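# Residue-level structure breakdown
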2 protein chains.
Amino acid sequence: MLNGLERLVGVWEGTGRGVYPTIEPFTYGERVEFSHHGKPFLLYRQTTWTDGADRQPLHTETGYFRPGPDDGVEAVIAQPTGISEILTGSWDGTTVRLSTRSVGLTPSAKEVRTVERILEVGDEELTYQLWMEAVGQPHQIHLAAHLQRLPS
Amino acid sequence: MLNGLERLVGVWEGTGRGVYPTIEPFTYGERVEFSHHGKPFLLYRQTTWTDGADRQPLHTETGYFRPGPDDGVEAVIAQPTGISEILTGSWDGTTVRLSTRSVGLTPSAKEVRTVERILEVGDEELTYQLWMEAVGQPHQIHLAAHLQRLPS
């Protein structure tokens, strides 16, 4: 039903690093959850927080991943900053490679043009990179994180 | 911070009715949750199920509502059927009226062109209508539901 994407199911926590020409580099804590509720898609939920003792909330996003045509993957992601992503790509049993087919923006959202998400899943580790073209800058890496599976 | 949208916060359950020229009319059970986690937006989560004793899952969607410019409202909604909505509209303290500024579709999604969502919130009741232009049909009502606030 999920063409092997069930490997993503679980709760994952770890740390990441963000860079972009328009901001100071930063590190963050992160929790990702993929869950399956019986239908042929996964629910995706993510939150990040500031590194350090005070642990202030940073970003959050949510959406769905599902098998697409031709052994591909489709994802729909919503961000509270007024951004939606429609992504398509490939899945080889280890790595999900997704690129935006379209990005939706509310009037007050920052201008994001393309997003590329690469997730590599092992039995106990989930790593990802997020690349984007945004706010007038060329497509480049923005986030890289390394997460560990939490005991269920 | 939320310009009064906190009235939506809570868990709401009830029933709805769906119609569209391409389908048989149907009734459904529904649970909607709006939650606030400290930042200036609400997390929205929704599930519906078949009417009757077996209660099979039907639809689900998730996303965010937040105040927009000029006392308006913005929403970003993701659907596992491969659809994203970027919506903007108005909020008068009782009724949220949202229309899609853009709809994003994955290659395998049904063709949805416009969505209009009207939510009316009371202290103990939440009712909504969803209108849409989809699969070659003109813009018209698709869903109407009446939900009650669950005790917290």
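What this report covers is the structure whose coordinates are included nearby. Here the structure is a predicted model, which means the values were calculated and not measured.

Thresholds applied
Residues numbered from 1 in each chain as written. Chains lettered and ligands numbered in written order. Predicted model: local features only at pLDDT ≥ 70, side-chain atom pairs only at ≥ 80, totals over all residues. Heavy atoms only, no water. Pairing = 2+ DSSP bridges. Helix = DSSP H or I, 4+ residues; strand = E, 2+ residues; numbered from the N terminus. Axes fitted to C-alpha atoms, helices over the stretch in contact; angles between N-to-C directions. Least-squares fit on C-alpha atoms with pLDDT ≥ 70 in both. Contact = heavy atoms within 4.5 Å. 1 Å grid on protein atoms, 1.4 Å probe; cavity = no way out; pocket = protein on both sides within 12 Å on 5 of 7 lines; lining within 4 Å. Points joined across faces, edges and corners; volume = space filled by probe spheres on them. Nonpolar A, V, L, I, M, F, W, Y, C, P; charged D, E, K, R; others polar. Buried area = accessible area lost by both parts, 1.4 Å probe. Salt bridge = Lys/Arg side-chain N within 4 Å of Asp/Glu carboxyl O. Polar contact = N/O pair within 3.5 Å; in protein donor to acceptor, adjacent residues only side chain to side chain. Buried < 20%, exposed > 50% of the residue type's maximum accessible area, 1.4 Å probe, protein only.

## Describing the sheet that holds strand β9 (residues 125-134) of chain A
Residues and elements named next belong to chain A. Taken together, 10 strands build a closed barrel; the order of strands is β1-β2-β3-β4-β5-β6-β7-β8-β9-β10 and the barrel is antiparallel. Each adjacent strand pair in this sheet contributes to an overall mean axis angle of 25°, direction not counted. Bridge analysis of strand β7 (residues 95-105) against strand β8 (residues 112-121) gives 5 bridges, and the strand direction is antiparallel. Residue pairing across strands places Val96 opposite Leu119, the latter belonging to β8.

## A few points about the sheet that holds strand β4 (residues 57-67) of chain B
Taken together, the 10 strands give a closed barrel; going around it, the order is β1-β2-β3-β4-β5-β6-β7-β8-β9-β10 (chain B), and neighbouring strands pair in antiparallel fashion. Pairs of neighbouring strands in the sheet enclose a mean axial angle of 25°, with direction left out of account.

## Digging into the relation of the copies chain B and chain A
What relates the two chain copies is a rotation about an axis together with a slide along it. For the pair chain B and chain A, the superposition axis carries a translation of 0.0 Å, the fit reaches an RMSD of 0.0 Å, and the rotation angle comes to 180°. Here the two chains are linked by the operation of a two-fold rotation axis. Closest approach to the rotation axis among the C-alpha atoms of chain B is made by B:Ala78, whose C-alpha sits 2.9 Å away. When you check the interface residues of chain B against chain A, 100% turn up at the interface there too, and the contact is symmetric in its surfaces.

## A closer look at empty space enclosed by the protein
A full pass over the atoms with the stated rule returns 2 cavities of 30 Å³ or more. Reported here for the largest cavity is a volume of approximately 40 Å³. Along its surface, the largest cavity is lined by A:Pro80, A:Gly82, A:Thr106, B:Phe41, B:Tyr64, B:Phe65, B:Arg66, B:Glu74, B:Ala75 and B:Val76. Looking at the lining of the largest cavity, the elements that each hand over two or more residues are β4 and β5 (72-79) of chain B. Tallied by class, residues from the lining of the largest cavity come to 6 nonpolar, 2 polar and 2 charged. Elements represented by at least two residues in the lining of the second largest cavity include exactly β4 (57-67) and β5 (72-79) of chain A.

## Thoughts on the pairing of strand β2 (residues 23-36) of chain B
All names here are of chain B. Sheet analysis places strand β1 (residues 10-20) next to β2, joined by 10 bridges and oriented antiparallel. Residue pairing for β2: Trp12 is matched across the bridge by Val32. Between β1 and β2, which pair antiparallel and follow one another directly, the connecting turn spans 2 residues. Where β2 meets strand β3 (residues 42-50), 9 bridges bridge the pair, whose relative direction is antiparallel. Paired with Tyr28 across the strands is Thr50, a residue of β3. Once β2 ends, the chain turns through 5 residues before running back antiparallel as β3, passing Gly38 with a positive phi of about 100°.

## Quick word on the interface of chain B and chain A
Across the boundary between the two partners, chain B contributes 33 residues, which contact 33 residues of chain A. Summed over both sides, the interface between chain B and chain A buries roughly 2,400 Å², with carbon and sulfur atoms accounting for 65% of that surface. Across the contact surface, chain B and chain A share 0 salt bridges. Where chain B packs against chain A, one counts 19 residue pairs in polar contact (both at pLDDT 80 or more). Listing elements by their share of the side of chain B that touches chain A, those giving two or more residues are β3, β4, β5, β6 (83-91) and β7 (95-105) of chain B. Among the residues forming the side of chain B that touches chain A, the class breakdown is 15 nonpolar, 12 polar and 6 charged.

## What to know about unusual backbone geometry
A positive phi angle is found at A:Asp70, which is not glycine, with a value near 55°. Inspection of the secondary structure puts A:Asp70 in the loop between β4 and β5. The phi dihedral of B:Arg55 falls on the positive side, at around 50°, and the residue is not glycine. Inspection of the secondary structure puts B:Arg55 in the loop between β3 and β4.

## Some thoughts on the environment of B:Val121
Residue and element names in this part refer to chain B. In this structure, Val121 sits in strand β8 (residues 112-121). Assessed through its relative accessible area of 3%, Val121 is described here as buried. Taking the C-alpha atoms as reference, Val121 lies 21 Å from Pro69; in sequence the two are 52 residues apart.

## So, the pairing of β5(A)
If a strand is regular, its side chains alternate between the two faces of the sheet. Residues and elements named next belong to chain A. Taking burial as the measure, the 8 residues of β5 include 8 buried ones, the bulk of the element. Side chains Gly72, Glu74, Val76 and Ala78 of β5 all project onto a buried face; the interleaved residues Val73, Ala75, Ile77 and Gln79 project onto the opposite face, where all are buried too. Looking at chain direction, β4 and β5 are connected through 6 bridges and run antiparallel. Counterpart to Phe65 in the pairing with β5 is Ala75. Between β4 and β5, which follow one another and run antiparallel, lie 4 residues, and Asp70 among them has a positive phi close to 55°. When β5 meets strand β6 (residues 83-91), the two strands line up antiparallel, connected through 8 bridges.

Geometry only, nothing functional implied.
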